[in-house]
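Fold and geometry: a report
Okay, here's what each chain looks like letter by letter:
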Amino acid sequence: MHGPAREEILALIQTMFGENNRAISTLTRLLQTSYSGWLYAATPVTPALLRLDPFWDPLRADPAFQKLCKGKQP
């Protein structure tokens, strides 16, 4: 239950330190996991949050990140 929330923090740290591939890998796992999040209160990471949150701006140019953001769009 708490492990994935800690992985949110890990993905953010990886992004801040330029470890883009690792951050995207971590985010990919999070998008496939049901959990209670930390970064977005009790909400898990979603493609919509990845598209909107400026925390993830350093990853925006990466095609793998863009693919994550295209997840379930309304």
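Going by the structure above, here's the rest.
Within each chain, residues carry numbers counting from 1 in the order of the written sequence. The predicted nature of this model means local features are confined to residues of pLDDT at least 70 and side-chain atom pairs, given and counted, to a pLDDT of 80 or more, with totals for whole chains, interfaces and linings taken over all residues. Note that water and hydrogens are dropped before the side-chain values are worked out from all heavy atoms of the structure.

Details of the overall build of the protein
Segments assigned H or I by DSSP are reported as helices when at least four residues long, segments assigned E as strands when at least two residues long, and all are numbered from the N terminus. What the protein contains, in helices and strands, is four helices and zero strands. For the protein, the sequential pattern of α-helices and β-strands runs α-α-α-α. Between the two quantities, the radius of gyration covers C-alpha atoms and the globule rule is 2.2 Å times the number of residues to the power 0.38. Here the C-alpha atoms of the protein give a radius of gyration of 11 Å, agreeing with the 11 Å that 2.2 N^0.38 yields for 74 residues. For the protein, buried positions account for 34% of its 74 residues. Note on definitions: a residue-residue contact is assigned when non-hydrogen atoms from the two residues lie within 4.5 Å. Nonlocal contacts in the protein, meaning residues at least 24 apart in sequence, comprise 47% of its contacts between residues at least 6 apart. Surface accessibility of the protein: about 4800 Å² in total, with carbon and sulfur atoms responsible for 60%. Burial classification: accessible surface area is computed with a 1.4 Å probe over protein chains only, and a residue below 20% of its type maximum counts as buried, one above 50% as exposed, and the rest as partly exposed. To be clear on the numbers: accessible area is Shrake-Rupley with a 1.4 Å probe, and residue cover counts the displayed protein chains and nothing else.

A few points about the pattern of salt bridges
Should a side-chain nitrogen of Lys or Arg be within 4 Å of a carboxyl oxygen of Asp or Glu, the pair is scored as a salt bridge. Scanning the entire structure with this criterion turns up three salt bridges. Between E19 and R22 there is a salt bridge, with its nearest N and O atoms 3.9 Å apart. Residue class for R22 comes out exposed when judged on its relative accessible area of 54%. Here D57 makes a salt bridge to R60, at a shortest N to O gap of 2.7 Å.

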